[in-house]
There are 4 protein chains.
Amino acid sequence: MRIGFVGLGAMGSSMARKLIEAGHELIVYNRTRSRAELLAASGARNADSPRQAAAACDAVITMLADDAALESAVFDQQGFLESLAPGKVHISCSTISVALSRRLAGAHRERRQDYIAAPVFGRPEAAAAAKLFIVAAGSQDQIGKCESLFHAMGQKTFVLGDDAPAANVVKLAGNFLISAVIESLSEAFALARKSGVDPTQFLEILTSSLFNAPVYKTYGALVASQKFEPVGFKLPLGLKDNRLVMAAAEEKSVPLPLASLIHDRFIAAMANGLAESDWSAISSMAMRDAGL
Amino acid sequence: MRIGFVGLGAMGSSMARKLIEAGHELIVYNRTRSRAELLAASGARNADSPRQAAAACDAVITMLADDAALESAVFDQQGFLESLAPGKVHISCSTISVALSRRLAGAHRERRQDYIAAPVFGRPEAAAAAKLFIVAAGSQDQIGKCESLFHAMGQKTFVLGDDAPAANVVKLAGNFLISAVIESLSEAFALARKSGVDPTQFLEILTSSLFNAPVYKTYGALVASQKFEPVGFKLPLGLKDNRLVMAAAEEKSVPLPLASLIHDRFIAAMANGLAESDWSAISSMAMRDAGL
Amino acid sequence: MRIGFVGLGAMGSSMARKLIEAGHELIVYNRTRSRAELLAASGARNADSPRQAAAACDAVITMLADDAALESAVFDQQGFLESLAPGKVHISCSTISVALSRRLAGAHRERRQDYIAAPVFGRPEAAAAAKLFIVAAGSQDQIGKCESLFHAMGQKTFVLGDDAPAANVVKLAGNFLISAVIESLSEAFALARKSGVDPTQFLEILTSSLFNAPVYKTYGALVASQKFEPVGFKLPLGLKDNRLVMAAAEEKSVPLPLASLIHDRFIAAMANGLAESDWSAISSMAMRDAGL
Amino acid sequence: MRIGFVGLGAMGSSMARKLIEAGHELIVYNRTRSRAELLAASGARNADSPRQAAAACDAVITMLADDAALESAVFDQQGFLESLAPGKVHISCSTISVALSRRLAGAHRERRQDYIAAPVFGRPEAAAAAKLFIVAAGSQDQIGKCESLFHAMGQKTFVLGDDAPAANVVKLAGNFLISAVIESLSEAFALARKSGVDPTQFLEILTSSLFNAPVYKTYGALVASQKFEPVGFKLPLGLKDNRLVMAAAEEKSVPLPLASLIHDRFIAAMANGLAESDWSAISSMAMRDAGL
């Protein structure tokens, strides 16, 4: 398939590369052009704008940092809302607000374009290994047609129904659950450490028994060592996702007291100089409160 | 080995049965005698008191509901503190306070008895299938000698160092982590449900991807269905364990804000008539707050 | 002075009336015209738009429900940004975001208009009795010139410095403190009631001793009786103010865990059918959690 | 009247002195005898034990640091439970648990002694000026007889009914409300300071308007200056009272999420070296979280 790809950060670059490797033709766009040029060596063509990237494509995939970046790529003058042909599809993989996803669904429908919300779970390493988990909702017909794309980028695709924003809810709720794992592990390790339990052994016990899941292994190692490198997902992005899940919940009148607690951890981390750290560094707030 | 076994609730009965099946000789005691008599058919002998149960044994195992029950079994006139022979061992499997575990360590040491704190992870089904996870700390020599006992009752034993109360900290921290899973899933499912995401599909996505762990499967099914039966672990016991982890943390000056939040969920659940439910029924508080 | 007055809700109507009684000439505008006409009987002239209301005035006072309403009154085509003469002043009394106040400060400065943020403390009864507390910041020169206006509307004016948004921070922080009083009283009364202490006597003790302040008397009576009428300040407005203080705090990286807790109370109240109640009805959430 | 007085800390010494000044005959006891000898100069007699202090008195007043100290003064061999004559009264002014107050009520009733729970509000300065607020519950007859005692020590006495522990609930709920004032002010001042609002002026605005109460003036000054001296009430005592109100609430199944939040502030303060500070120093935790 011929694919426009907009947004070539750590995640997007790997995803685009996997699509090329699977034999698709890519026209890529990134605001900072150097990242787009890196992909040219692999066979991608560069576009001058999102508008151009999507012009003659079967599908345009977006993987951008936040609502503002995606709004710009779609709705600005150089955005692709007008250049994407009717019957073609926008696959939005970014973690964005439920509200923007709903707006996109409407805007594409008006122009008889299709829209799939297909946010992904996984850090950059997972994207590089095509091990992402993808949650797709929206046009069922197009989800079928794009199966090979999802297959190229991820290890598993979960298909929800016609309501595209539902996929964004699942993604935000999933990120919230990860942040809850970080917070709960942080408190547990603070107690364990001050009680003389070796963090490495404590982690080994947890992940060999009830908590035998990737998320506990990945984040447990960071929490146990209190070393939050390499930066897979920057702390302000974690704060942003927390804000998005709280906004989605507020819209539906769902109190999320644990998300509120984690919100305050993120804010405290920002106030204490951790804006450049991985989001798991909120863990250090629990340690600090415990005098560690 | 010849083993005294004190405390034959849902957990203790299965554990004792597994020891008998493994060829050990059991002398059992339970306050409500009928439960002890049930085991007689399997070959256990009944004792009239904890004192008697431990009198001529190599090891006495306790699996009781709370601190008060264990204190009584050890320190009361009919308790086994005086009847357990020097060089023999008390294996305490109950979920008890760190403070009581420390007191037991001291009391047994004074009488040249050995002491192992060996709390277990697992619900009654796991005990019945000898699938418990056991965390053992204390006399390293005795932990070695008792290996066959742990093997008969559990699928895996994690051995910590000489400081027995450390095992109790691990157990309490582990239960706290489970309660954090329940709370985080409850909030996530409240949001998902009010956003039109099917709970069953949401659970399938979570447990097929990042949250592929027994604890998410077990409790996710309860949270998704909001049916909290059968009662594997009564809500007031969950509240008790929450209290114990908070007490252990307070002693070491470790704030646990997430444990505090869950404490308030337990209290609200008690105030709203859920004292006879499984502890996972705190989940219904998040749903109610969301108007579900 | 000749004054344009935009926004004639329960608060604005009383404030405008007090200005008329003090001898000022008023040109009033309200989206729902009937409320403006009520003031005509008292001598106010009606304007067809905010633009017209401000056209030939010395000062335009705004008292609107939220950011959107004020943005519209200022920046829309029929807004007064272009009609207010240079050297004249906009006195913004609404409870708005710090961000909008900053934007207004800039927009007025560009047009050589003056700007005062002058949010008020007090419920409709206080406005009707000219007993408001006013916090004014911005052009010090204009604050001096407008002294008689503040005097007509309030019992006391506190003057901050040149930075107008600082007044909005004070207002939002003040409302947060009121909401904290409601929450703390609600929890205390839940405990008192379930412990057999008579709520009326409990309130009498508190407000005759350490808590001898208007805010405890007003809200204590509502909490003690659990009757939240008449509606002085609607619950969604309380939620909005909570959101604004959290946004102001997030911008400055200040965690406000108590505001977060109250946020969740507001959301729970919304989910449980209290959108038409007074904001103090969040109190009923604490009672419900206690099974009352 | 002839009065035994047990417990001569900062509060008790002043209260005893006021009783002497009012013409009562005092027999005093303090564990550290030097404090008792200081009062001898004012005309008090020293006793060798609580038992002796209460032996020939009309009333014995206790003002001790915690449950353990009061239990010892009453129930130990040298305690006064057996020496207080039938028909005489124990007036317990300490801040103690509701559970201990209930136990005392029973123990005194059995011996046909009377019991009044009469906890006081006020810091040492208030005690020295006889400006305490006293909340009395229990034997109504004795409360009448002891009116002159309360009058000598406090500025106002609030009389509840026969159920003595109700007075302890009121005291604990009151202390909780004070801690809520400290926490809410701390968060508000963190926001104000980072927004460029002068703390002194902010405090002036609050306490001249809606928050015109002693508790806001006293604690507002401490929060605004972040100087927590002199130490009127040590931080671990504040933590203890927080624990007592949470225990009273748990017994009645009343969730107190704000008390939980404050609990975690106290623990964090303990972990960060503030055990010797005034309890209002929990305020510095909010500042620290905000990076101040």
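Keep in mind that what you see is a predicted model, and the values were worked out from it rather than measured.

Topic: the relation of the copies chain B and chain D
Thinking step 1. For the pair chain B and chain D, the superposition axis carries a translation of 0.0 Å, the fit reaches an RMSD of 0.0 Å, and the rotation angle comes to 180°. Expressed as a symmetry operation, the mapping of one chain copy onto the other fits a two-fold axis. Closest to the rotation axis within chain B is the C-alpha of Ser260 of chain B, separated from it by 2.9 Å.
Thinking step 2. Of the interface residues in chain B, 100% have counterparts in chain D that sit at the interface too, so the contact is made through matching surfaces.

A look at helix 9 (residues 165-194) of chain C
Side chains that are three or four residues apart share a direction in an α-helix, a result of its 3.6 residues per turn.
Thinking step 1. With 30 residues, helix 9 of chain C extends 44 Å between its outermost C-alpha atoms, agreeing within 8% with the 44 Å of an ideal straight helix rising 1.5 Å per residue.
Thinking step 2. Phi for Gly196 of chain C, located one or two positions after helix 9 of chain C, is positive at around 85°.

Looking at helix 5 (residues 98-110) of chain B
Residues and elements named next belong to chain B.
Thinking step 1. Along its 13 residues, helix 5 runs 19 Å from first to last C-alpha, staying within 8% of the 18 Å computed at 1.5 Å per residue.
Thinking step 2. Every buried residue of helix 5 is listed here: Val98, Leu100, Ser101, Leu104, Ala105, Ala107 and His108.
Thinking step 3. In the stretch just after helix 5, Arg112 is the one whose phi turns positive, near 55°.

A closer look at the interface of chain A and chain B
Buried accessible area, meaning the area lost when the parts come together, often serves as the stated size of an interface.
Thinking step 1. Residue-level contacts link 58 residues of chain A with 57 residues of chain B.
Thinking step 2. Summing both sides of the interface, chain A and chain B together bury roughly 4800 Å²; the carbon and sulfur share of this comes to 78%.
Thinking step 3. It is Leu177, Leu191 and Leu210 of chain A in chain A that bury the most area against chain B; as a group they hold 14% of the surface buried on that side.
Thinking step 4. One can count 0 salt bridges joining chain A with chain B.
Thinking step 5. Taken together, the connections running from chain A to chain B amount to 9 residue pairs in polar contact (both at pLDDT 80 or more).
Thinking step 6. The set of elements that each furnish at least two residues to the side of chain A that touches chain B consists of strand 8 (132-138), strand 9 (154-159), helix 9 (165-194), helix 10 (199-208), helix 11 (214-225), helix 12 (235-251) and helix 13 (257-271) of chain A.
Thinking step 7. When residues of the side of chain A that touches chain B are assigned to their parent elements, the largest contribution, 19 residues, is made by helix 9 of chain A.
Thinking step 8. Along the lines of polarity and charge, the residues of the side of chain A that touches chain B split into 41 nonpolar, 8 polar and 9 charged.

Focus: the packing of helix 4 (residues 67-75) of chain B against helix 5 of chain B
All names here are of chain B.
Thinking step 1. As a packed pair, helix 4 and helix 5 sit with axes 11 Å apart at the nearest point and diverge in direction by 10°. As judged from the angle between their axes, helix 4 and helix 5 are roughly parallel. For the pair helix 4 and helix 5, the contacting residues are Asp67, Leu70, Glu71, Val74 and Phe75 in the first and Leu100, Arg103, Leu104 and Ala107 in the second.
Thinking step 2. The residue inventory of the contact of helix 4 with helix 5, partitioned by class, reads 6 nonpolar, no polar and 3 charged.

About the criteria used
Residues numbered from 1 in each chain as written. Chains lettered and ligands numbered in written order. Predicted model: local features only at pLDDT ≥ 70, side-chain atom pairs only at ≥ 80, totals over all residues. Heavy atoms only, no water. Least-squares fit on C-alpha atoms with pLDDT ≥ 70 in both. Contact = heavy atoms within 4.5 Å. Helix = DSSP H or I, 4+ residues; strand = E, 2+ residues; numbered from the N terminus. Expected span 1.5 Å × (residues − 1). Buried < 20%, exposed > 50% of the residue type's maximum accessible area, 1.4 Å probe, protein only. Buried area = accessible area lost by both parts, 1.4 Å probe. Salt bridge = Lys/Arg side-chain N within 4 Å of Asp/Glu carboxyl O. Polar contact = N/O pair within 3.5 Å; in protein donor to acceptor, adjacent residues only side chain to side chain. Nonpolar A, V, L, I, M, F, W, Y, C, P; charged D, E, K, R; others polar. Axes fitted to C-alpha atoms, helices over the stretch in contact; angles between N-to-C directions. Parallel < 35°, antiparallel > 145°, perpendicular 65-115°, else oblique.

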